[in-house]
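The primary structure of each chain is shown beneath.
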Amino acid sequence: MKKVKNISVGFLVSFLGSVPIGYLNLVGLEIYAKSGLHNLVFFLFGVIFVETFVIYFTLLFAKELIKNRKLMKIIDLFSVGFMLTLAFVFYLNFNEPTKSNYYLGKYLIYSPFIIGVILNGFNFLQLPFWTSWNLHLLNGKYITIERKLKYYYIAGTLIGVFLGMLSVIIILQSVLQQPNQFSKGILPVFIPLFFIALAGIQLFKIYKKYFRVNYYIN
């Protein structure tokens, strides 16, 4: 029963966590559109390869990572700059087609698996995400990680990430294939603004988490 519970909880958390549009989903969308489902699957395997280590180590050291405020602050600040960089890159990709091959198209010449590994290696937002979730699940006793039970939880999370991203990418591609105003006019504006909004939300969280507390203490 504990095995099934670990798999189910891991799947639910990771599936819902991967559904919102993130930069990995958008890169996967480009790979799917240009290279097909086969290469998309290898890209997703690269993503979950890195995810395996992230989930494993944040599961084991969740409490220690939460206490290391300096490290978490550096990760949070880096994620803001990363989101703003992605907004700039996608803006250039949509609005300057002559340069798009340089910014987003050139990675298609490499192995999709390697692309997934490298890009997810820079996905520092997943560290606070998985650290917080794993700590919450452990404290609430929603999962059990004694002996081999933790591997069932990890397996559930990896399945959830894979199916969640695959579903979002396929749905997005079907939407973009429709010759409507959204895909041609709104999307080139929406995606850069989406990353800017993520950066703004992250900045607000950093302010509440680190600076507002210090202000009241002083």
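A. Spatial organisation of the packing of aromatic side chains. Evaluation of the coordinates by the stated rule reveals eight aromatic pairs. Ring centres of F42 and F45 lie 6.2 Å apart, and the angle between their planes is 90 degrees; this geometry places the pair in the edge-to-face category. Residue F42 and its partner F45 are both found in helix α3 (residues 37–60); the two are separated by three residues, about one turn of the helix. Summarising the aromatic geometry, the rings of Y56 and F57 are spaced 5.2 Å apart at their centres and angled 80 degrees between planes, so their arrangement reads as edge-to-face. Accessibility expressed as a relative area gives 23% for Y56, which makes it partly exposed. Residue F57 is classed as partly exposed on the basis of its relative accessible area, which comes to 42%. Three or more aromatic residues joined by ring pairs form one cluster here, namely Y56, F57, F61 and Y151.

B. Quick look at the packing of α3 against helix α8 (residues 126–139). Where α3 meets α8, the closest approach of the two axes is 9 Å, and the angle between their N-to-C directions is 45 degrees. Between α3 and α8, the angle falls in the class oblique. As for the relative orientation of α3 and α8, their crossing is right-handed in sense. In this structure, α3 contributes V50, E51, V54, I55, T58 and L59 to the contact, and α8 contributes Q126, L127, W130, T131, N134 and L138. The class makeup of the residues in the contact of α3 with α8 is seven nonpolar, four polar and one charged.

C. Geometry of the pattern of salt bridges. Counted by the stated rule, this structure contains one salt bridge. With a shortest N-O distance of 3.5 Å, E30 and K34 are connected by a salt bridge. Taken together, the residues span about one helical turn, with E30 and K34 both in helix α2 (residues 23–35) at a distance of four residues. Residue class for K34 comes out exposed when judged on its relative accessible area of 55%.

Calculation criteria
Residues numbered from 1 in each chain as written. Predicted model: local features only at pLDDT ≥ 70, side-chain atom pairs only at ≥ 80, totals over all residues. Heavy atoms only, no water. Phe/Tyr/Trp six-rings, centres within 6.5 Å; stacked < 30°, edge-to-face > 60°. Helix = DSSP H or I, 4+ residues; strand = E, 2+ residues; numbered from the N terminus. Buried < 20%, exposed > 50% of the residue type's maximum accessible area, 1.4 Å probe, protein only. Axes fitted to C-alpha atoms, helices over the stretch in contact; angles between N-to-C directions. Parallel < 35°, antiparallel > 145°, perpendicular 65-115°, else oblique. Left-handed = near helix turned anticlockwise from the far one by under 90°. Contact = heavy atoms within 4.5 Å. Nonpolar A, V, L, I, M, F, W, Y, C, P; charged D, E, K, R; others polar. Salt bridge = Lys/Arg side-chain N within 4 Å of Asp/Glu carboxyl O.

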